[in-house]
Amino acid sequence: MTYQRDNIAAMQGYSWGEQPDDSETLKLNTNENPHPPSPRVAEALANIDANALRTYPQPTADPLRDQLAELHRVDRSNIVMTHGGDEGLRLAFSTFVEPGTPFGMAQPSYSLYPVLADVHGSPTLGIAMDDDWQLPRNFATQLNEAGANLACIVNPHAPSGTLLDSERLSRIANEFNGVLLVDEAYVDFVDPALQHDLTRLISVFDNLLILRTFSKGYSLAGLRLGYLLGDARIIEPMLTKTRDSYNIDLISQHLGAAAIEDRAHAQASWEAVRLARRTLREGLAALGFEVWPSQTNFLLAKAPMTLSHGAADIYARLKARGILVRYFNTPQLDDKLRITVGTETQNAVLLEALAEILDGQP
Ligand SMILES: *Cc1c(COP(=O)(O)O)cnc(C)c1O
C-alpha cells in the first residue's frame, strides 16, 4: 500500500552530485565557485543578531529586489526572489503548467527539469540538440505542436558550456506560445567582451523569464538564493500566489544584500575563473580530450578515442584518487566528463592525475 500519488510513486528522484564530507576531496563535480564569497558576506553573517530571528522576515525580500532592480535597470515588479534558482523552476511549473500538459526542454540539459515535470504530473518533451549543442531551427514549432505551456533553455548551456545569442533566443520567445524560461545560472562567467545581456528582452517579450542564482557566481550555493526576472505581469502571480509565504529567510536577505553590495569581489572571481578555464581547456586538449568552448565555470570534455578505458573509467579512477568530476551515463554524454573549473592549483592537480591515468597508471 502506498499513499503516494501515482506519478510520484512512478518517478525517479533527482540524483545530485556527490557531496563528500571530508575536506581532502578535490570537488570538481557540482560547478561551485572555487573562490570564497565576499568578506562583506562573512561580516554580515557575524552581525546577525539571533534575536532578530524571532520575527518573520520581510515577506517579499523587497530590499533585495530593489538592489537587483537597480543593478539590472528594471523595476522591482520585474523581480521575484526565490529559495535558490531551483525554487524559481518549481514556481514556473506550479504557476504556468496545467498538470498533464507537456513541458519542453532542450536535451540534454539540467537533470532537475524532468524531475519537476514528473512531480507536477506533466510529460517531458526533450528536444535533442545536435552534436555542436545547437537547438533545431523548429524548436518553438515543436513546442507549440505538442501544446507545451513552459519550456526551459539553459544558457549558457549545461552541460556543454556553449552560449546561444540573444537573437536566437528572441526568435524562440517570439514564436513560442508558452512561457520560455532561460536558465542563466552560469551567466556571470560569460566573457564580458561578448556583451551578452538578455535582461533588456523582458520588456519586449511578456512570456520570457530569466533565472539567476547566487549559488555559482557569488559563491553562495549553501545559502539557497536566486531570482526570476520578467515582465511584471508574469512575475506577479509568483510573487502573490504560488511562492511560499516567507520564502527568503532573514539570513539570506542580509547575506544576499552584502554579496550584491560587494559585487566587485564576485566579479574578480569570475575573471579568475575565465582565466583558469582557458588554461584548463588547453591542458585537457593537450591530453587528447575534445573540449567544447565554454562560457561557464565548467568544461565538457570528450575522452580521447585511443584510450582502452572510456569516460566512465576515467571518472572512477579520478574518484579513487580523491578527485570528483561529473559523469552522466546518458545519450550524448556517456563518453564525456563535465569538469568544474577550479583554481589554477586545483586544475593542475587534475591535469597531472589525468596524464598519469592516460599513461596507464591506476
Ligand atoms: C545551479 C543551477 C541552477 C540553480 O541552482 P540553485 O543552487 O538552486 O540556485 C539552475 N539551473 C542550472 C542549470 C544550474 O546548474
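Going by the structure above, here's the rest.
Figured I'd write up the structure that's included with this text. Here the structure is a predicted model, which means the values were calculated and not measured.

Conventions used here
- Along every chain, residues carry numbers that run from 1 in the direction the sequence is written.
- Under the rules for a predicted model, residues below a pLDDT of 70 receive no local features and side-chain atom pairs below 80 are neither given nor counted, while totals for whole chains, interfaces and linings still include all residues.
- Side-chain figures throughout are based on the complete set of non-hydrogen atoms in the structure, without hydrogens or water.
- Here the rule is simple: two strands pair whenever DSSP picks up at least two bridges between them.
- Starting at the N terminus, helices and strands are each numbered in turn, a helix being any DSSP run of H or I of at least four residues and a strand any DSSP run of E of at least two.
- Aromatic pairing here means that ring centres of Phe, Tyr or Trp (its six-membered ring) are within 6.5 Å. Orientation follows from the plane angle: under 30 degrees is stacked, over 60 is edge-to-face, and everything else is tilted.
- Buried, partly exposed and exposed residues are distinguished by accessible area as a fraction of the type maximum, computed with a 1.4 Å probe on protein chains only: under 20%, between the cut-offs, and over 50%, respectively.
- Any pair of N or O atoms that falls within 3.5 Å is considered a polar contact. Within protein, one atom must be able to donate a hydrogen and the other to accept it, and sequence-neighbouring residues count only if both atoms are side-chain atoms.
- Contacts are assigned to residue pairs that have any heavy atoms within 4.5 Å of one another.
- The criterion for a residue being near a molecule or strand is simple. One of its heavy atoms has to lie within 4 Å of it.
- An expected span of 1.5 Å times one less than the residue number is assigned to each helix.

**What to know about the sheet that holds strand β12 (residues 336-340)**
Phase 1: Strand order in the open sheet formed by three strands is β9-β10-β12, with antiparallel pairing between adjacent strands. Looking at which strands have only one partner, the edges of the open sheet turn out to be β9 (290-291) and β12.

**Observations concerning the packing of aromatic side chains**
Phase 1: A full pass over the atoms with the stated rule returns twelve aromatic pairs.
Phase 2: Ring centres 4.3 Å apart and planes at 15° place the aromatic pair Tyr56 and Tyr246 in the stacked group. Remark: Tyr246 occurs in the loop between α8 (232-242) and α9 (250-261) and Tyr56 occurs in the loop between α2 (39-46) and α3 (62-72); sequence separation between them is 190 residues.
Phase 3: The class for Tyr56 is exposed, based on a relative accessible area of 63%.
Phase 4: Residue class for Tyr246 comes out partly exposed when judged on its relative accessible area of 36%.

**Points about the side chain of Asp231**
Phase 1: Within the secondary structure layout, Asp231 lies in the loop between β8 (226-230) and α8.
Phase 2: A distance of 2.8 Å separates a polar side-chain atom of Asp231 from the backbone nitrogen of Arg233.
Phase 3: The residues touching Asp231, leaving out its near neighbours within four places in the chain, are Asn78, Ile202, Asp206 and Leu208.

**Things to note about the site of the ligand**
Phase 1: Within the structure, the ligand sits among Gly84, Gly85, Asp86, Tyr110, Val154, Asp183, Ala185, Tyr186, Thr213, Ser215, Lys216 and Arg224.
Phase 2: Between Tyr186 and the ligand, the recorded distance is 2.6 Å, taken from a side-chain N or O atom to an oxygen atom.
Phase 3: At three residues, the largest contribution of residues to the shell around the ligand is made by helix α4 (residues 84-96).

**Observations regarding α4**
Phase 1: Taking 1.5 Å as the rise per residue, α4 with 13 residues should run 18 Å; its terminal C-alpha atoms sit 19 Å apart, in good agreement.
Phase 2: Taken together, the buried positions of α4 are Gly84, Gly85, Glu87, Gly88, Leu89, Leu91, Ala92, Phe93 and Phe96.

**Some words on the side chain of Ser122**
Phase 1: Note that Ser122 resides in the loop between α5 (112-120) and β4 (124-128).
Phase 2: From its side chain, Ser122 meets the backbone nitrogen of Gly100 in a polar contact 3.2 Å long.
Phase 3: A polar atom in the side chain of Ser122 sits 2.8 Å from the backbone oxygen of Thr101.
Phase 4: In contact with Ser122, other than residues within four places in its own chain, are Val97, Glu98, Pro99, Gly100, Thr101 and Ala117.

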